[in-house]
Amino acid sequence: KAGVTQTPRYLIKTRGQQVTLSCSPISGHRSVSWYQQTPGQGLQFLFEYFSETQRNKGNFPGRFSGRQFSNSRSEMNVSTLELGDSALYLCASSYDGGANTGELFFGEGSRLTVL
Amino acid sequence: GQNIDQPTEMTATEGAIVQINCTYQTSGFNGLFWYQQHAGEAPTFLSYNVLDGLEEKGRFSSFLSRSKGYSYLLLKELQMKDSASYLCAVYMGGGSYIPTFGRGTSLIVHP
């Protein structure tokens, strides 16, 4: 079956702009979670959506938001971009949020560069 | 709070065995897992430990001691393709399954 698909793969924005990233989970998976990966901080949890509801949220400012649609596809938005938002944004899907098996299926990420 | 420590970088020789350690301090615990991430690629799942002990899966094994807040990933018969970053992550307690990741261990396997 098809894996987790993230679009766009690469994008460049300038400070103050906003960006929307998209994630299509594996068919049948109801949980989608988002992560920010940087060399300095590693992989950090942003939020998780399950059946269109935000179930968990990490310690990121309100500029970072997301949503999930009825077909489980998810988007995340970052408003008023800052230089420090430059990172690889990873999406992961699972049937149950990883609670039973711990297994998350990651997409290849969207690499955002903020100039 | 939570803190996860693992070595930043390790090197090993093809065919050898390497052990990557991970220590954690969390308020509650719901499981520990390991992921492998090759440069420029998505992380892929390796193992998940909830109970103490050793879980073996082919050339890879993972060990957990909850009382010591300690885990290790053991890679046997190293191959060049095992050169990657290995991420240790913990699910905190309290009913939420929010994974907290360590910063990863970059393993370099040389001939």
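Definitions and limits used
Residues numbered from 1 in each chain as written. Chains lettered and ligands numbered in written order. Predicted model: local features only at pLDDT ≥ 70, side-chain atom pairs only at ≥ 80, totals over all residues. Heavy atoms only, no water. Phe/Tyr/Trp six-rings, centres within 6.5 Å; stacked < 30°, edge-to-face > 60°. Buried < 20%, exposed > 50% of the residue type's maximum accessible area, 1.4 Å probe, protein only. Lys NZ or Arg CZ within 6 Å of the ring centre and 35° of its normal. Disulfide = S-S within 2.5 Å. Helix = DSSP H or I, 4+ residues; strand = E, 2+ residues; numbered from the N terminus. Pairing = 2+ DSSP bridges. Axes fitted to C-alpha atoms, helices over the stretch in contact; angles between N-to-C directions. Contact = heavy atoms within 4.5 Å. Buried area = accessible area lost by both parts, 1.4 Å probe. Polar contact = N/O pair within 3.5 Å; in protein donor to acceptor, adjacent residues only side chain to side chain.

*Asks:* Would you explain the packing of aromatic side chains in this entry?
*Replies:* The relation between two aromatic rings is expressed through the spacing of the ring centres and the mutual angle of the planes. Taken as a whole and judged by the stated rule, the model has 17 aromatic pairs over all chains. An angle of 65 degrees between the planes, with centres 5.2 Å apart, marks the rings of Phe60(A) and Phe64(A) as edge-to-face. Neither residue differs from the other here; Phe60(A) and Phe64(A) are each classed as buried. Each member of the aromatic cluster is reached from another via a ring pair, and the members are Tyr35(A), Phe45(A), Phe106(A), Phe33(B), Tyr35(B), Phe45(B), Tyr48(B), Tyr91(B) and Phe101(B). Seen from the ring of Tyr95(A), Arg30(A) lies directly overhead, with NZ or CZ sitting 4.5 Å from the centre. The ring of Phe50(A) carries Arg55(A) above its face, with NZ or CZ at 4.2 Å from the centroid.

*Asks:* I'm lost on the state of the cysteines in this one. Help?
*Replies:* Two cysteines, two sulfur atoms, one covalent bond between them: this is a disulfide. Counted according to the given criterion, the structure contains two disulfides over all chains. Shown here is the disulfide that connects Cys23(A) with Cys91(A), its sulfur atoms set 1.7 Å apart. Disulfide Cys23(A)-Cys91(A): the torsion about the S-S bond is -50 degrees, which places it as left-handed. Placement of the pair is Cys23(A) in strand β3 (residues 19-24) and Cys91(A) in strand β9 (residues 87-94), with a sequence separation of 68 residues. Each of the two residues, Cys23(A) as well as Cys91(A), counts as buried. The disulfide partner of Cys22(B) is Cys88(B), and the S-S distance across this bridge is 2.0 Å. Handedness of the Cys22(B)-Cys88(B) disulfide follows from its S-S torsion of about -65 degrees: it is left-handed. Placement of the pair is Cys22(B) in strand β3 (residues 18-25) and Cys88(B) in strand β9 (residues 84-91), with a sequence separation of 66 residues. A relative accessible area of 0% places Cys88(B) in the buried class.

*Asks:* Explanation requested: the sheet that holds strand β1 (residues 3-5) of chain B in the structure shown.
*Replies:* Hydrogen bonds between backbone groups are what pair the strands of a sheet, and the pairing can be parallel or antiparallel. Residue and element names in this part refer to chain B. Spatial ordering of the open sheet is given by β1-β3-β8-β7-β6, a layout of five strands whose pairing is antiparallel. Taken across any chain shown, the strands that pair with only one partner, and hence form the sheet edges, are β1 and β6 (53-57). With strand direction ignored, the average angle separating the axes of adjacent strands in the sheet is 15 degrees. As paired strands, β1 and β3 are joined by three bridges and run antiparallel to one another. The residue of β3 that forms the bridge with Ile-4 is Tyr-24.

*Asks:* Mind showing me how you'd approach unusual backbone geometry here?
*Replies:* For residues other than glycine, phi is negative in most cases, and the peptide bonds are mostly trans. All names here are of chain A. In this model, Thr-7 is joined to Pro-8 through a cis peptide bond whose omega is -10 degrees. Mapped onto the elements of the fold, Pro-8 is located in the loop between β1 (5-7) and β2 (10-13). You will see that Ser-51, though not glycine, has its phi angle at about 50 degrees, which is positive. Ser-51 gets classed as partly exposed once you look at its relative accessible area, which sits at 41%.

*Asks:* I tried to follow the pairing of strand β11 (residues 105-110) of chain B on my own but got confused; where do I start?
*Replies:* Sheet faces and side chains relate simply in a regular strand, where the side chains alternate between the two faces. All names here are of chain B. Alternating residues of β11 divide into Thr-105, Leu-107 and Val-109, all buried, and Ser-106, Ile-108 and His-110, none buried. Examined bridge by bridge, strand β2 (residues 9-13) and β11 share five bridges and lie parallel to one another. Bridge pairing links Met-10 to Leu-107 in β11. As paired strands, β9 and β11 are joined by three bridges and run antiparallel to one another. The residue of β11 that forms the bridge with Ser-85 is Ser-106.

*Asks:* Even after reading the chapter, I still don't get the interface of chain B and chain A, so can you show me in this structure?
*Replies:* It is common to report an interface's size as the accessible area lost on association of the parts. Each partner contributes residues to the interface: chain B has 15 residues there, and chain A has 21 residues. Taken together, both faces of the contact between chain B and chain A bury some 1,600 Å²; the carbon and sulfur share is 56%. The interface formed by chain B and chain A includes three residue pairs in polar contact (both at pLDDT 80 or more). Put simply, the parts of the chain that give the side of chain B that touches chain A at least two residues each are β4 (31-37), β5 (44-49), β9 and β10 (99-101) of chain B. Element by element, the count of residues in the side of chain B that touches chain A is highest for β4(B), at three residues.

These values are about where atoms sit, not about what they do.
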